[in-house]
Amino acid sequence: MYQQDPKALQQFNNQVAIKFQLFNGLFTALPFHRIENTGILLSLLLSECEEGFQKKSSPENIIDSFFAKQISAKSDQEKIDMLFRFTQYAERQVVLFDALEDAAFTSVNDVTGAGTLKHLMAEVATSGRDEEFQRKLEDFCVQLVLTAHPTQFYTGSVLGIIHDTTKAVEENNVFNINTYLQQLGKTPFLKKQKPTPYDEAVSLMWFLENVFYNAAGDIVSQITAKYPKILAQKNPVIKMGFWPGGDRDGNPFVTAATTLRVADALRSLIIKCYYNDVRAMRRRLTFRGVEPLVVALEKKLYDSIFVPENRTALSQEIIMQKLQEMKEIIVNEHNSLFVYLVNDLINKVHVFGLHFATLDIRQESGVHSDVLNTIAEKETILPKNYVSLPDAEKMKVLAGIRSSTANYIYEGIVKDTLQTISAVKRVQNYNGEQGCNRYIISQCKTALNVLEVYGLFLLSGWKVGEMPIDIVPLFETVEDLRNAADVMKALYENTTYTKHLSRRGNKQTIMLGFSDGTKDGGYLMANWSIYKAKEELSAISKEYDIDVVFFDGRGGPPARGGGKTHRFYSSMGKNIASKEIQVTVQGQTISSSFGTVASAKFNIEQLLNAGVSNALFSTLQTTLPEEDEALLLQLSEDSFQKYITLKEHPNFMQYLNDISPLQYYSETNIGSRPSKRGNGDLTLKDLRAIPYVGAWSQLKQNVTGFYGVGTALESLDHQGRFDEIKKLYNDSLFVKTLFDNCEMAMKKCFFPLTEHLSAHPIYGPIWTMVHDEFQLTKKYILRLSERNILMENYTVDRMSVEMRERIVLPLSTIQQYAIGKINQLGTDETEKKEVFKKLIIRSSFGIINAARNSV
């Protein structure tokens, strides 16, 4: 049974918990108006919240009771002002806690132990499997794809302060810590305007430049130092992907011009990184025959950024050639002195090329259908009756396209779709093929949806046989996941598409979405559906001699496919294809799991270890035997029915809309993409998964992380079969991780916050359903794991969650207080409503940011 190291808990207590109390005191000494009073009063409000919720008081009663005891705020305006100051203060407490956790990362985590690269390479050497290891790395890689999904409230300036504070904490530099906290006190957290897609891209590029560039480079250097032949392969072992500027699904603000601008920024940024490294190398590589080469490369890099006519004169091959020349002279004439500097840069160029990260294009399948229907109406390039043709006939028409459309005659989404596909070629010319070579189809439901994209590329001027593009279907809903294998079978039997796959090395990437799956079918059904889809897709791809690669669209929390992600990959048997690990990283998960070089290296190594170890050392032929699959299927179906009953309750959307911050999510200005599809009234179907999951999270009722699990386990218990699932839990890492992640989602629930709603005529029945299911799930999860409390074995993670939840308890209380006030106000009291709305939005910042830990 997994148990976190007791020493890690001691380190966490010393390096994080105690230091938080110490440095938190610095806030009260900052030279800002009324800040000392605010800090003291906030601690009193925290005590009031804890005592009040124990007595089953409502947020309104707790806030009113607090103000009744304080004489410093008498008028309503003074009370509101104080609540706003509390939110600002607590936000900065969360930032301090983030910085302390980041600084303590290498002390709390065993960065050379199980799951790390060092441990893996030692295991490979001990078992004498060096050749197998090298063969595995010929085509295996970990690809992290950064997305701009709006689950992160920190601005770039705040991220910089966290980074600098972390360094100051590591160095125990109290003066700098104090200075940075002062800077934090004067730095606004609130974005007055929504970011543009380009703004989002620039924000995430900070992580590429400051974290992933060094972390990925260090890992590859560590591997090639022992296995130099690996560098000769085309496969770089680690790849980066990028969605901001390319993901236009439901985001009308992403255009072809945005895509080109972001691609150019990525190219300029990686060249800047190389330039800085070469500048640093000049201080050491002062040898005869070497220094002129360094100077010449430095100039080439500089000119490629700043001299327009020289932008295309640089390529990955030219950089590699110059570096290899330097290396050869250093080795042969200068005793290999400082050759490691050249090797490290060679490895980085091998990983990042001139693209830094592959810019993925993503669009919803319905858009492609509409574009083609419009073209059929206006041009003879497609049959006039195209719209009414059956799918099979449409696929034949699309496969036979041999001429381009007159895209200048179109406007709006049609014009931009065609321009975007044309822009892909331009990006490849500047950044290399890896710069933009994937087109992802969200809400992919049929084989026709894939051929539609193929046809659109032909209509945009691409030629058959000259299309270095991977078309990636994305299956998201429970129904789509069930049909995925049939869709791929139809594609594998389509002559045109199989010829395209042949030219792409007979490799098919398939994306599976977790967030929409949990929104659609609940926690167990989503995870079961994705597992079965992978199993069936692996089998059908193998049958047609296609190497299938799964690209997992995972979010941060377990409710969106997050949690202990590497353990899922470690648990896969040979029945699930594991040629690569591709996964999205988004929002607070980027800053929590990959926010520093140390944490990024550790978490990338965990994924790398999971994929390689599974291939080299696992004897598991199937992830789950048939009888165990049948057991999980029953659990999933029982859980699904319970979840559907909740969703179909007539007051379900009113409950979520009225008592959570859902309706204000789009006004937080943290993302460019609208929070729902379409322009009509808010419906569950149109609501995007992220605000849906986020609303439950801020309510402290993480429904999509547990709902239905307790009912499913109880049903099994009543059948006298609980011992079967208990045995499976103990024997299967996949099942254990599934339930452990559910446990983690439950740890962040806090029902006393909303218990006052239990007697409400409209909200009460929903609240009771959710609360009762939580209690039932908790009962059975603890019985299953034989623990006494949630996350008992994850001591450090549990303490982190508890401390973070305590920091933001006043914020959650203030938010619920403000929501309650808005619901009480009349329709004509718009000014008062506006004030409370701002308080709700402002409270969201700290609540969401505090949830950034990796569980």
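Residues numbered from 1 in each chain as written. Predicted model: local features only at pLDDT ≥ 70, side-chain atom pairs only at ≥ 80, totals over all residues. Heavy atoms only, no water.

Participant: Looking at this model, I keep getting lost on the nonpolar core. Mind explaining?
Facilitator: Among the nonpolar cores identified, the biggest contains 264 residues, and Leu 144, Leu 208, Phe 242, Tyr 274, Leu 323, Ile 725 and Phe 739 are the most heavily contacted of them. Sort the elements by how many residues they give to this core and helix α10 (residues 197-226) lands first, with 14 residues. For Leu 323, the residues in contact, after removing those within four places along its chain, are Met 281, Leu 297, Val 342, Leu 345, Ile 346 and Val 349. Judged by nonpolar contacts, the second largest core, of seven residues, contains Val 145, Trp 243, Ile 440 and Phe 551. (Core = buried A, V, L, I, M, F, W, Y, C linked by side-chain atoms within 4.5 Å. Buried < 20%, exposed > 50% of the residue type's maximum accessible area, 1.4 Å probe, protein only. Helix = DSSP H or I, 4+ residues; strand = E, 2+ residues; numbered from the N terminus. Contact = heavy atoms within 4.5 Å.)

Participant: So what exactly am I meant to see when it comes to the packing of helix α29 (residues 709-718) against helix α32 (residues 764-785) here?
Facilitator: The angle between the axes and the distance between the axes are what describe a pair of packed helices. Put simply, α29 and α32 touch, their axes get as near as 7 Å, and they point 55 degrees apart. Classified by the angle their axes make, α29 and α32 are oblique. Once α29 is placed against α32, the crossing between them reads as left-handed. Contacts from Val 709, Gly 710, Thr 711, Leu 713, Glu 714 and Asp 717 in α29 reach Glu 773, Leu 776, Thr 777, Tyr 780, Ile 781 and Arg 783 in α32. Grouping the constituent residues of the contact of α29 with α32 by class yields five nonpolar, three polar and four charged. (Axes fitted to C-alpha atoms, helices over the stretch in contact; angles between N-to-C directions. Parallel < 35°, antiparallel > 145°, perpendicular 65-115°, else oblique. Left-handed = near helix turned anticlockwise from the far one by under 90°. Nonpolar A, V, L, I, M, F, W, Y, C, P; charged D, E, K, R; others polar.)

Participant: Can you help me understand the pattern of salt bridges in this one?
Facilitator: A side chain with one charge can pair with a side chain of the opposite charge if their charged atoms come near. Considering all chains together, one arrives at 41 salt bridges under this definition. For the salt bridge of Glu 209 with Lys 272, the shortest nitrogen-to-oxygen distance reads 3.1 Å. Here the residue Glu 209 occupies a position in helix α10, and Lys 272 occupies one in helix α11 (residues 256-281), the gap between them amounting to 63 residues. With a closest N to O distance of 2.8 Å, Arg 504 and Asp 470 form a salt bridge. Residue Arg 504 is located in the loop between α20 (495-503) and β7 (507-513), and its partner Asp 470 is located in strand β6 (residues 470-475); the two are separated by 34 residues in the primary sequence. Among the residues examined, Arg 504 registers a relative accessible area of 18% and is labelled buried. Each of Lys 736, Asp 740, Glu 743 and Arg 787 takes part in a single network of salt bridges with overlapping partners. (Salt bridge = Lys/Arg side-chain N within 4 Å of Asp/Glu carboxyl O.)

Participant: Is there a simple way to think about the pairing of strand β5 (residues 438-442) in this case?
Facilitator: Within a regular strand, the side chains alternate between the two sheet faces. Counting buried positions over the five residues of β5 gives five, a clear majority of the element. Neither face of β5 is open: one carries Arg 438, Ile 440 and Ser 442, the other Tyr 439 and Ile 441, and all of them are buried. As paired strands, strand β4 (residues 361-364) and β5 are joined by four bridges and run parallel to one another. Bridge pairing in β5 links Ile 361 to Tyr 439. Two strands pair when backbone bridges link them, and β5 and β6 are joined in this way by four bridges, in the parallel orientation. (Pairing = 2+ DSSP bridges.)

Participant: Help me understand helix α3 (residues 59-69) in this model?
Facilitator: Each full turn of the α-helix corresponds to 3.6 residues, which orients residues three or four apart in the same direction. Every buried residue belonging to α3 is among Pro 59, Ile 62, Ile 63, Phe 66 and Phe 67, and all of these are buried. Down the axis of α3, the sector holding all buried residues measures 125 degrees, keeping them to one side. Every exposed residue of α3 that faces more than 90 degrees away from the buried side is listed here: Ala 68 and Lys 69. (Arc of directions from axis to C-beta.)

That's the geometry; what it means functionally is another story.
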